[in-house]
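# Results of the structural survey
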Amino acid sequence: MTFDVRRYRGFFGLTMLCLFILYVPLLVVMVYSFNDSRSITNWEGVSLRWYVDVFTGPESEKFKQAAWNSLTIALSAAIVSTTIATAAAIGMVRGGAFRGKSATFALISLPIMVPEIVTAVATLIFFSTIAFPLGTLSILVAHIVFCIPFAYLPISARLQGIEASYEEAAQDLYAGRWATFRHVLFPIMGPGIMSGFLLAFIISLDDFIITNFVKGAGVETLPTAIFGSVKQGIQPNIMALSTLLLLFSIALVTLSYFIGKRGEALQPDRGD
Amino acid sequence: MTAAISLRDVRKTFGDFTALKAVSFDIADNEFFTLLGPSGCGKTTLLRLIAGFEGTTGGTIHLYGQEIEGLPPDRRPVNTVFQNYALFPHMTVQENIAFGLQMLKWPRADIAARVAEMVAMVRLGDFVHRKPAQMSGGQQQRVALARAMAPRPKVLLLDEPLSALDLKLRQEMRSELKRLQRETGITFIFVTHDQEEALSMSDRIAVMSAGEVQQIGRPSEIYEHPANRFVADFIGETNLIDATVEAVEGQIVTCRLPDGETVHALANRAASKGQSGTLSIRPERLTITRDPPPGESLKGVLGASTYLGTDTHYEVRLGPNLSLTARMQNAEDAALRLDEGDPVHVSIVAGAARFLVT
Ligand SMILES: Nc1ncnc2c1ncn2[C@@H]1O[C@H](COP(=O)(O)OP(=O)(O)OP(=O)(O)O)[C@@H](O)[C@H]1O
Ligand SMILES: [Mg+2]
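Treat the numbers as computed from the prediction; the structure is a model and nothing was measured. (Residues numbered from 1 in each chain as written. Chains lettered and ligands numbered in written order. Predicted model: local features only at pLDDT ≥ 70, side-chain atom pairs only at ≥ 80, totals over all residues. Heavy atoms only, no water.)

### Notes on the environment of Thr 13 of chain B
Residue and element names in this part refer to chain B. Mapped onto the elements of the fold, Thr 13 is located in strand E1 (residues 5–14). Each C-alpha atom of the pair Thr 13 and Thr 56 lies 8.3 Å from the other, and the pair is 43 residues apart in sequence. In contact with Thr 13, not counting residues within four places along its chain, are Thr 18, Ala 19 and Thr 57. (Helix = DSSP H or I, 4+ residues; strand = E, 2+ residues; numbered from the N terminus. Contact = heavy atoms within 4.5 Å.)

### Notes on helix H5 (residues 116–129) of chain A
For the α-helix, the turn length of 3.6 residues means that residues three or four positions removed from each other point alike. All names here are of chain A. Compared with the 20 Å implied by 1.5 Å per residue over 14 residues, the 20 Å span of H5 between its first and last C-alpha is a close match. Every buried residue of H5 is listed here: Ala 120, Thr 123 and Phe 127. In a view along the axis of H5, the buried residues occupy a sector of 70°, so they form one face of it. Seen from the open side of H5, the exposed residues pointing more than 90 degrees away from its buried face are Ser 128 and Thr 129. Here the buried face of H5 lies against helix H6 (136–160) and helix H9 (209–214). Just downstream of H5, Ala 131 is the residue with a positive phi angle, here 55°. (Expected span 1.5 Å × (residues − 1). Buried < 20%, exposed > 50% of the residue type's maximum accessible area, 1.4 Å probe, protein only. Arc of directions from axis to C-beta.)

### As for helix H1 (residues 11–32) of chain A
Here H1 of chain A spans 31 Å end to end across 22 residues, near enough to the 32 Å set by a 1.5 Å rise per residue. Of all the bends in H1 of chain A, the greatest reaches close to 35° and is centred on Tyr 23 of chain A; the proline Pro 25 of chain A follows between one and four positions later. (Bend = angle between axes of the 7 residues up to and from the residue.)

### Some details on the interface of chain A and chain B
Facing the 25 residues of chain A at the interface are 30 residues of chain B. Contact between chain A and chain B buries roughly 2,400 Å² in total, counting both sides, with carbon and sulfur atoms accounting for 62%. A per-residue breakdown of the area chain A buries against chain B is headed by Asp 172, Leu 173 and Tyr 174 of chain A, which together make up 33% of the total. The interface formed by chain A and chain B includes one salt bridge. One salt bridge in this structure joins Glu 168 of chain A and Arg 48 of chain B, with 2.8 Å as the shortest N-O distance. On the surface where chain A and chain B come into contact, there are eight residue pairs in polar contact (both at pLDDT 80 or more). For the side of chain A that touches chain B, the elements supplying multiple residues, two or more each, are helix H7 (165–172), helix H8 (177–206) and helix H11 (236–266) of chain A. (Buried area = accessible area lost by both parts, 1.4 Å probe. Salt bridge = Lys/Arg side-chain N within 4 Å of Asp/Glu carboxyl O. Polar contact = N/O pair within 3.5 Å; in protein donor to acceptor, adjacent residues only side chain to side chain.)

### Considerations on the site of ligand 1
All names here are of chain B. Around ligand 1 sit Phe 14, Phe 17, Ala 19, Ser 39, Gly 40, Cys 41, Gly 42, Lys 43, Thr 44, Thr 45, Glu 160 and His 193, and those are all the residues in its vicinity. In this structure, an oxygen atom belonging to ligand 1 sits 3.2 Å away from a main-chain N or O atom of Cys 41. For ligand 1, an oxygen atom lies 3.0 Å from a polar atom in the backbone of Gly 42. For ligand 1, whose accessible area on its own is 630 Å², the fraction buried by protein is 62%. Of all the elements in the fold, those that place two or more residues in the shell around ligand 1 are strand E2 (17–27) and helix H1 (43–51). Among the elements that take part in the shell around ligand 1, H1 stands out by supplying three residues, more than any other. The residue makeup of the shell around ligand 1, split by class, is four nonpolar, six polar and two charged. (Near = heavy atom within 4 Å. Areas by Shrake-Rupley, 256 points an atom, 1.4 Å probe, with all protein chains shown as cover. Nonpolar A, V, L, I, M, F, W, Y, C, P; charged D, E, K, R; others polar.)

### A closer look at the UniProt feature "domain: ABC transmembrane type-1" (unreviewed entry) in chain A
The positions that UniProt labels "domain: ABC transmembrane type-1" (unreviewed entry) are, in the present scheme, residues 67–256 of chain A. A distance of 22 Å separates the end C-alpha atoms of residues 67–256 of chain A, which is 82% helix and 0% strand. (UniProt positions renumbered as here; feature names shortened; annotations may be inferred.)

### Notes on the pairing of E1 of chain B
Residues and elements named next belong to chain B. With five bridges connecting them, E1 and strand E4 (residues 58–63) associate as antiparallel partners. Among the inter-strand pairings, Arg 8 is bridged to a residue of E4, identified as Thr 60. Once E1 ends, the chain turns through two residues before running back antiparallel as E2, passing Gly 15 with a positive phi of about 60°. (Pairing = 2+ DSSP bridges.)

### Focus: the confidence of the model for chain B
A residue-level look at chain B finds 98% of positions with pLDDT of 70 or above and a mean pLDDT of 88. Overall fold confidence (pTM) sits at 0.81, and the ipTM for the predicted complex is 0.81. (pLDDT = per-residue confidence, 0-100.)

### Looking at the pairing of strand E15 (residues 286–289) of chain B
All names here are of chain B. Side chains of E15 alternate between two faces, with Leu 286 and Ile 288 buried and Thr 287 and Thr 289 left unburied. Of the pairings in the sheet, the one linking E15 to strand E19 (residues 343–348) comprises four bridges and is antiparallel in character. Looking at E19, one finds that Thr 287 is bridged to Ser 347.

Structure representation (structure tokens):
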């Protein structure tokens, strides 16, 4: 008899409870972002006033600046960390055996396990020790560094699934190292690189703790700006802003899913 | 005339495992040369050394007189048809075939012409815009062939290119490959562990075992005059019998079999009286008769038989320590109706027995 989790009593209830805890708060936020009331608890009918408020209200300038910072930082951090992660993955997966390979792998992936608050404190101490001015650039540098392992994992997973014979075939057909990478390895790895990039982008966009430590005065990203506003009490415009962020993230994740799918379809049929 | 490929004492070790021990031989220009041997004997390793994917541990490899050690694969005028084809999954058939030419920076018009020529040669006209994943194994195989031949390599390396195909397609591709080799005049080095494939396609065969070349020769030489017991056993079917030399007369030896019978055989090299070795007799060179035939024959009892369509395999027990397998053509009017347990005579076709000195 095969193992079927659905036959166990309580499975349905537990599943429902988890889904409830996970998604009901999000649903509440989304629904109440369309509330016409100043209060966040009383329902007074459907309206888009808080969305209008996000873009034109008293806090709109702050939000726009923060959104711009978030996007540019996330984009740059994702590009740089994905590039580094791709090079690291090729070195690790294709470099053959070398001394300290396991240690290198541990070093690359450890930051995922280290509590973020520890990384945040350590990064801040590092910046003040070398007298690095806190601001947009310090945020960017910190983001690049902690995004590398997140970009590395999907990229190296993808590369491990690619047989070395494609690269050998390319070299055999007179492609040098760079041409082999550009024309053969990169397109085949593409979906993995894209997943790594999107993951790094979302992680950077979403980061609060490290950013809050190293941002310095006056520079805000969306998470720190939202946190700043919430400290003075939750306004409905925050719900509208959160809903927009949520939709943006869902769009990115969906994109990443379809890119992954396309990558699978490219795997050739061996004909045996 | 310089050899296409010249190997001298080529060795290859992986850690403390020796994959190739001092391999030396020449492959002539325009030759269809086959490396044949059981799994793990080092065929792929040798091909990878010639292609440049691995470096040699010792020895030298010359390509048309030029030492190629140290040249990376992209600087060797040698192309490979990979066992798993390794077609680029993100490119169409056309792009796959054009790849090598683009890397060699051929002019665009020449590339288009050459691709069209290759597509016609392997008969893939309807598929040029397909991706490899949308094609059958046999079609992918032909793309791999066209891709490797497009840059006009001096030597084409083929690593078991037919092993993933079904029997019918494999037989078709055999003659196809042979035709392509003749038409293009490219030197082929073909790897297989299928002896039938090797015998039917090759100009010459190198039989390998455990990292060593056992024998090199034309298919008929390898089959008719095996150099040792391994080759006799590996190529085709044979009866291998331990024997000792009774008398020597030039190349011909009289050998004594375990139960005391004697047989004349051609020795593979100089033998002396009292020497032990192996007698090899192919099943199809044995004739079974009810009545004693004129000349040398052995008496026995018929054992099990296996019907194989054109032929029948018979087991003949000659004594307590010896039985032979004979293969006889099934004639339409079977004058010879043999049943298990019948007393019979077995004779060896003149000159067909081989004595292999150990
Ligand atoms: N990179 C490697 N590292 C260690 N051992 C290897 C390596 N490549 C090959 N070998 C060993 O060398 C021997 C010869 O391998 P090779 O692939 O040349 O065999 P083959 O004759 O092509 O066999 P097959 O018919 O199964 O393909 C094998 O025992 C194999 O395990
Ligand atoms: Mg092999």
